[in-house]
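# Architecture at a glance
Next come the chains, spelled out residue by residue.
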Amino acid sequence: MAILASSNTGVIVQGMTGRAGTFYSDAAIRYGSRYAAGVRPGKGGRRHLGLPMYNTVKEAAEATEAAASLIVVPAHQAAAAMIEAIEAEIGLIVCITERVPIHDMVKVKNILNGSRSALIGPNSQGLLVPGQCKIGVMATDAAVPGRVGIVSRSASLTSEIVAQTTRLGMGQSTVVGIGGDPIHGIGFRRCLELFKEDSDTDGVVLIGEIGGTEEEEAAEYLSREKFGKPVVALIVGRHAPEERRMGHAGTLSVLESGSARAKCDALNRAGALIAKHADDVAPKLQNALAN
Amino acid sequence: MYLLEHQAKELLAGHGVSVPGGRVANSPDQAEKNARDLAGEKFVIKAQIAAGGRGLAGGIKFASSPKEAQRLAAEMLNSRLVTSQTGSEGELVEQVFVEPALIAETELYLAVVVNQRNARPTIIAAPFGGNLFEKAASETPEIVKTMTLPADGNTSSNEIQGFLCQFGIAGPALENAAVLADRAVRAFCDYEAVLVEINPLIITPEQSAVAVDAKVIIDSNALPRNPLLEQINFSVPMKPEERLARDNDVNFILLDGNIGVVVNGAGLGLATHDLIIDRGGKPANFMDIRTTTGSFQIAKVVQMLIERDGIDVLLVNIHGGGMTVCDTIAEALNFAYSRSSRKIPIVYRAAGQNASWARSIMRDRALPYEEFGSMVPAVSRAVAIASKGSR
């Protein structure tokens, strides 16, 4: 098992024929994932990367029984693409597009609520089940199948932690990038619920940052549940100047802007181990798993 | 995109929000004339910078005559205003806004944001406005109340009245405040703002509701496609370094230290920033190279950085991922160093995609670098070099 996807998950790609869509679909197919079709209005009936193309998500989903869709479209088309996938009842939607307007995400989330879909992203590197399935844009060289679940708001730090856990011989069960935007699909809390139930995951790394309240929500969950597996949290932005947005839009939040200190304290009280810095994550988890 | 106060008020007034009706001045004489034209008895002179915290920093002053308005404008114009939100260099005041000073019976705080918890437009309000708000809200957070709106922001001023009546206003004051809030919500949605903040919203002795200060931040991601925003020629002042970086697709914030930082990715950037400060160093900047940015673009930003006075070392901490690969950044360092006469030492750490290719670029081009295998030793070395440099 793994969470959210496996080697059996059929994937379609919305925006497959674009430059980025072609590049990342090709990489994911070569990784061995089960990609079934592409979607691009006007390209129905043709083939791309050896796969059939459809005009709509609905047609592609009906023809291939795909359970997941990877969205690689320009920012101003991303909301429409996500809504189309939700309406076609795709179970897992992964949107890697950056710079999606926040008011578009308000609309998307409104339609997502109560639907049959789970959304990852936008502004996410996607989902990787090492050795089985890649629905996203992350590098796979350093990833190996293993027992650590990773959930992160940051792509660059995820690459770092994947490499560290591989170097220490632990490998990864599933790597989820929840995205760096303030309004996005599934978050830390949902991923923790899934990792708790996943028999392939022995421990979890949570990579958070300043802004928003997701780390606090994860802490609320951990303090309520008997999680039963070690969780190591790395929260970055401890020294970021207040009121100046650094990088991800999600780091600036007016309402309840969570400081790194408050997030670390909440997670620590909830039983998570707090990594002092990025190099401290994998050793801390290895140590916790050995005890 | 952070609008200047007068731009924010123009935008809100276009949606029917009552504002005091000020005028912009670029010179002390213009400020005096503006005050005369306003024909009031008391005026407010407000420095127009793209940052908050002006009141406590001397960027908002009262004048009892047009002559005094002129004198205060002369003090503010072309000075650098340092507030809690600007960084120590402050921001250059190129314009002042001259407004009639209004009498407030009541001051409230009002803002519209998208709540991250439920992805809905939300009104935030509190019974303390102006400089009192932040202190009151941090000491007694329960005074801050929120009203969740439908996803499209459509509500009625009646419903907003039901929300605002808990702040001790009633009758025409309540009606007027609710109308103002409703219009602020419309502006928030129509202009795709991430923040509309009116602080304070005042109730005058005549029971009118007026936005005495306004802060509007527009979602930069919406700018290319929103026709409403195209019509407004907002030229927001920006530091030249940050503008150059933005034009080259690099997220960049100028800071005060002497360690230049080259990092890809926002999370890695924050992690690097934390580590430098933990080890006693001072970053000169924050950098997050976007995934689609090419080596020539990165090179321009790196060149700008190494040519800045007071930079003693360049710390390169990159992790090549599926999108930004290490050799793109190594090429950028090579371009920047080949164009610049300043050869400050590089502390280099690269891992992930194409790290070995990047290493051979660094070696073959004979860049002045020292390589480390992981983050902590690299940061420690950069801090050590930087502390020698500043002595």
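Before any of the text, the structure's been laid out above.
Within each chain, residues carry numbers counting from 1 in the order of the written sequence. Naming scheme: in the order in which they are written, chains are lettered from A and ligands are numbered from 1. Given that this is a predicted model, residues contribute local features only at a pLDDT of at least 70 and side-chain atom pairs are listed and counted only at 80 or more, while totals for whole chains, interfaces and linings are drawn from all residues. The side-chain figures draw on all heavy atoms in the structure; neither hydrogens nor water molecules are used.

## Here's the deal with unusual backbone geometry
The residue after Gly 121 of chain A, namely Pro 122 of chain A, is reached through a cis peptide bond having omega 10°. A helix here means a DSSP run of H or I that spans at least four residues, while a strand means a run of E at least two residues long, and both kinds are numbered starting from the N terminus. Here Pro 122 of chain A shows up in the loop between strand 7 (118-120) and strand 8 (126-129). The linkage connecting Asn 199 of chain B with the following residue, Pro 200 of chain B, adopts the cis geometry, with an omega of 5°. Here Pro 200 of chain B lies in strand 10 (residues 193-203). The phi angle at Leu 4 of chain A is positive, at roughly 70°, despite the residue not being glycine. Relative to the helices and strands, Leu 4 of chain A resides in the segment before strand 1 (10-14). By relative accessible area, which is 29% here, Leu 4 of chain A ends up partly exposed. The backbone phi angle of Glu 192 of chain B is positive, close to 50°, even though this residue is not glycine. Looking at the element boundaries, Glu 192 of chain B is found in the loop between helix 6 (171-190) and strand 10. Throughout, exposure labels follow a simple rule: accessible area from a 1.4 Å probe, protein chains only, divided by the maximum for the residue type, with under 20% read as buried, over 50% as exposed, and the rest as partly exposed. Assessed through its relative accessible area of 9%, Glu 192 of chain B is described here as buried.

## Quick look at the sheet that holds strand 5 (residues 68-71) of chain A
Residue and element names in this part refer to chain A. Taken in spatial order, the seven strands line up as 3-4-2-1-5-6-7 in an open sheet, and their pairing is mixed. Of all strands in the sheet, those bounded by a partner on one side alone are strand 3 (47-48) and strand 7. Pairing between strands requires that DSSP locate at least two bridges from one strand to the other. Pairing geometry for strand 1 and strand 2 (residues 34-39), over five bridges, is parallel. Within strand 2, the position partnered with Gly 10 by the bridge is Arg 34. Contacts between helix 3 (residues 75-87) and the sheet are confined to strand 1, strand 5, strand 6 (92-95) and strand 7, with strand 6 contributing the most and set at about 170° to the helix. Whether two residues are in contact is decided by their heavy atoms, any of which lying within 4.5 Å being enough. The angle between two axes is taken between their N-to-C directions and runs from 0 to 180 degrees, where each axis is a line fitted to C-alpha atoms and a helix contributes only its stretch in contact.

## Some words on the interface of chain B and chain A
By a widely used convention, the size of an interface equals the accessible area lost when the partners come together. Facing 58 residues of chain B, the contacting portion of chain A comprises 53 residues. Taken over both partners, the interface formed by chain B and chain A buries close to 4600 Å², and the fraction arising from carbon and sulfur atoms is 57%. Here the buried area means the combined drop in accessible surface, using a 1.4 Å probe, for two parts upon being joined, counting both sides. Summed over the three residues of chain B that lose the most area to chain A, namely Gln 116, Arg 117 and Leu 270 of chain B, the buried surface amounts to 15% of that side. A pair is scored as a salt bridge if a Lys or Arg side-chain nitrogen falls within 4 Å of a carboxyl oxygen belonging to Asp or Glu. Linking chain B to chain A there are six salt bridges. A salt bridge links Asp 278 of chain B to Arg 238 of chain A; the nearest nitrogen and oxygen atoms lie 2.6 Å apart. We call two N or O atoms a polar contact when they sit within 3.5 Å, provided that within protein one can donate a hydrogen and the other can accept it, with sequence-adjacent residues counted only if both atoms are side-chain atoms. Linking chain B to chain A there are 16 residue pairs in polar contact (both at pLDDT 80 or more). Looking at the side of chain B that touches chain A element by element, the count peaks at 10 residues for helix 9 (residues 266-278) of chain B. Polar here means any residue outside two lists: the nonpolar Ala, Val, Leu, Ile, Met, Phe, Trp, Tyr, Cys and Pro, and the charged Asp, Glu, Lys and Arg; Gly therefore counts as polar. Along the lines of polarity and charge, the residues of the side of chain B that touches chain A split into 26 nonpolar, 18 polar and 14 charged.

Everything listed here is a matter of geometry and, on its own, says nothing about what the molecule does.
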